[in-house]
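The chain contents come next:
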Amino acid sequence: MESPGLIFLHSSSVIRRLSFSSFSSRKDNIPLRPIIAFRGSPTYNLASNLSKRLRPLVTNSPHMLLNSEDFFNRIKGVKLDQGDVMVSFDVQSMFTSIPQDLAKRTLSKTMEETLGFLENQKLSSTELMGIISMYLDSTYFRFREHIYHQRKGTPMGSPISVVVAEVVMQQFEAELLKTAPPSLKLWVRYVDDVFVVMQDKDIDPFFTRLNSLESAIQFSMELEVNGVIPFLDILVSREGDHLETSIYRKPTHTDRLLDYDSYHPDCHKRSLIRTLWNRADKICSTTDAVRAEKRHLRDVFRTNGYQSRTEASSSPRQGVSSDAGFSFDVVHANIESLEDKGLPEDSLIGETGSLDEGKRVVVGVDERYMTRIRQVTLEMFECRDEG
């Protein structure tokens, strides 16, 4: 059946979006999160195009976090007063909870208020909102050979969902913070996770206000316990009047990584080592935390089949050249004489050894001496394949 501008396709070719679920082990009753596989569906290219067009609406909000390192940098200068507490808020099922009417109203309002946005579009606001509405209203998917229509929220797995949710949340928090109590010292958010520092006496009224602003957007709350609270992959602890950080792993974490003997490209294995090692330097706020994390990583790498250079040379794997081993001594510095450079022995983090010609091997450097250590000739190996 055809009409001008419309071609009817059989449902077997239109409804290609498949649904699957992930689960959250941290929450009660282990709820399932439906995720729609949009890639290859008839509206996937439209969603990708809309996502690119709407991206400028996501402003550089002072409350939006880019990643864990950004969070670490934001809390470094926070000073705690008597009565201050740390608390995290989590939007319950954010993507599937945002009403489509709220999403459309917020997008339309933000497009009008964002300077220069509509002028850079080839479509009018009415035409653009018409396309957005059509897309948000056509969230069909197939599960176990049955076809369903998602009538609330935006589907997880769609390219446009992240942009829509972020625009809505930025408008939500802008309205909320207009009436925030003066004791609110910090409010930063990564997608649907919020980290807050404020006075203990204001927590309950603020939490009530938070859940009354929009009935469809509800938050759960987690308070610090014994001066410690996890946020993203960071464990935040109070030390006097300031905050310190280390790596956080969920209780269900198994330390299972990409195995050395797995059939994956070597670049993936090197990247895994480099990323986890560098994360310790970027997120741990104290020398002791860095040392503890790198000791833990060495054990984890060995458990997953990786060898240090010494181990690889002394007991090479069968069929594997010892020259091709992966080192988890990620940063090496060749220093002829630490004393000549004015670097005390406590500037070193990790193990030290010797190389040819009497040079030292330094694994990591205390951040207090990084400026001076850069004046020394450094040889960076960073898990390079030596084969």
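Computed from a predicted structure; not experimentally measured.

(A) Quick look at the sheet that holds strand S10 (residues 219-223). Strands sit in the order S8-S9-S5-S10 across an open sheet of 4 strands; the sheet is antiparallel. Pairing within the sheet leaves two strands with one partner each, and these edge strands are strand S8 (186-190) and S10. This sheet shows a mean twist of 20 degrees between the axes of neighbouring strands, independent of strand direction. Pairing analysis gives 7 bridges linking strand S5 (residues 84-91) to strand S9 (residues 193-199), with the strands arranged antiparallel. Across the sheet, residue Phe89 finds its bridge partner in S9, namely Val194. Packed on one face of the sheet, helix H7 (residues 161-177) meets S5, S8 and S10 and runs near 170 degrees to S8.

(B) Broad picture of the sheet that holds strand S12 (residues 234-239). Reading across from one edge, S11-S12-S13 is the order of the 3 strands in this open sheet, with antiparallel pairing throughout. Here the strands that pair on one side only, and so sit at the sheet edges, are strand S11 (228-231) and strand S13 (242-247). With direction set aside, neighbouring strand axes in the sheet form an average angle of 30 degrees.

(C) Structural context of the nonpolar core. Core analysis: the biggest nonpolar cluster contains 45 residues, and Leu54, Phe89, Trp187 and Phe219 have the highest contact counts within it. Listed by contribution, the elements that provide at least two residues to this core are helix H2 (44-54), S5, helix H4 (94-97), helix H5 (100-113), helix H6 (125-136), H7, S9 and helix H8 (203-212). Ranked by the residues each element gives to this core, the list is headed by H7, at 8 residues. Residues in contact with Phe219, not counting those within four places in the same chain, are Phe89, Asp90, Val91, Gln92, Met169, Phe172, Val194, Phe207, Leu210 and Asn211.

(D) Up close: the packing of aromatic side chains. Applying the stated criterion across every chain, the model contains 10 aromatic pairs. Centroid distance Phe71 to Phe231: 4.7 Å. Interplanar angle 45 degrees. Geometry classified as tilted. Linking Phe71 in helix H3 (residues 68-75) with Phe231 in strand S11, this pair joins segments that are 160 residues apart in sequence. A single burial state applies to Phe71 and to Phe231, both of which are buried. One aromatic cluster is present, formed by Phe89, Trp187, Phe206 and Phe207 through successive ring pairs. Across from the ring centre of Tyr260, 5.4 Å away, lies the NZ or CZ of Lys269, which sits over that ring.

Criteria and cut-off values
Residues numbered from 1 in each chain as written. Predicted model: local features only at pLDDT ≥ 70, side-chain atom pairs only at ≥ 80, totals over all residues. Heavy atoms only, no water. Pairing = 2+ DSSP bridges. Helix = DSSP H or I, 4+ residues; strand = E, 2+ residues; numbered from the N terminus. Axes fitted to C-alpha atoms, helices over the stretch in contact; angles between N-to-C directions. Contact = heavy atoms within 4.5 Å. Core = buried A, V, L, I, M, F, W, Y, C linked by side-chain atoms within 4.5 Å. Buried < 20%, exposed > 50% of the residue type's maximum accessible area, 1.4 Å probe, protein only. Phe/Tyr/Trp six-rings, centres within 6.5 Å; stacked < 30°, edge-to-face > 60°. Lys NZ or Arg CZ within 6 Å of the ring centre and 35° of its normal.

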